[in-house]
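Each chain is listed here by its residues.
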Amino acid sequence: KSPNSGYYVFVGPGTMFGEAAGIKATDVMDGTSNTIMFVEAKRNTPWTKPEDIAFDPAGPLPAVGGFFDGMFAVGMADGSVGTLNVDLPKDKLKWLILRNDGHVIE
């Protein structure tokens, strides 16, 4: 019943949407199954307003989730979807957001 969006992409250096000219699949050096394409986040942003989540690899992680206790939904760059635990270590979430940091999540 909310008029707000629930899914967003990360924008910023090293993210899937971090380049104005776009990126190629070969630019996803950590692997498409190890890179977040979009994420569920509870924000007060109308679904008709184009807004993304700014991400700075050197800054704090943005808040995600908020709709369900203990988890949040993600869509990966390989097209798969799933959920992640909100208690996921911050380093791992950062590595999943970045497409070319050299960390492959097992």
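Preceding this paragraph is the structure being described.
Residue numbers here run from 1 along each chain, matching the order of that chain's written sequence. Side-chain atom pairs in this predicted model are given and counted only at pLDDT of 80 or more, local residue features only at pLDDT of at least 70, and totals for whole chains, interfaces and linings cover all residues. Computation of side-chain values: all heavy atoms of the structure, hydrogens and water removed.

A. How the structure looks around the packing of aromatic side chains. Note on ring pairs: Phe, Tyr and Trp rings are taken, using the six-membered ring of Trp, and paired if centres are within 6.5 Å. Classes follow the plane angle, with under 30 degrees stacked, over 60 edge-to-face and the rest tilted. Counting across every chain of the model gives two aromatic pairs. With 5.9 Å between their ring centres and 80 degrees between their planes, Tyr7 and Phe38 make a pair best called edge-to-face. A residue pair is termed long-range when its members are at least 10 positions apart, and Tyr7 in strand S1 (residues 7–8) and Phe38 in strand S3 (residues 36–40) qualify at 31 residues. Their ring planes at 65 degrees and their centres at 6.1 Å tell us that Phe10 and Phe55 sit as a pair that is edge-to-face. Helix numbering and strand numbering both begin at the N terminus, where a helix is a DSSP run of H or I of at least 4 residues and a strand a DSSP run of E of at least 2.

B. Main features of the pattern of salt bridges. Salt bridge, as used here: a side-chain nitrogen of Lys or Arg that lies within 4 Å of a carboxyl oxygen of Asp or Glu. Summed over all chains, the structure comprises two salt bridges. Here Arg99 makes a salt bridge to Glu19, at a shortest N to O gap of 3.4 Å. Of this pair, Arg99 sits in the segment after helix H1 (90–97) while Glu19 is found in the loop between strand S2 (10–11) and S3, placing the two residues 80 residues apart along the sequence. Taking the relative accessible area as the measure of exposure, Arg99 reaches 5% and is therefore buried. Residues Lys49 and Glu51 are paired through a salt bridge, measuring 3.1 Å at the closest nitrogen-oxygen approach. Residue exposure (1.4 Å probe, protein chains only): buried if accessible area is under 20% of the type maximum, exposed if over 50%, otherwise partly exposed.

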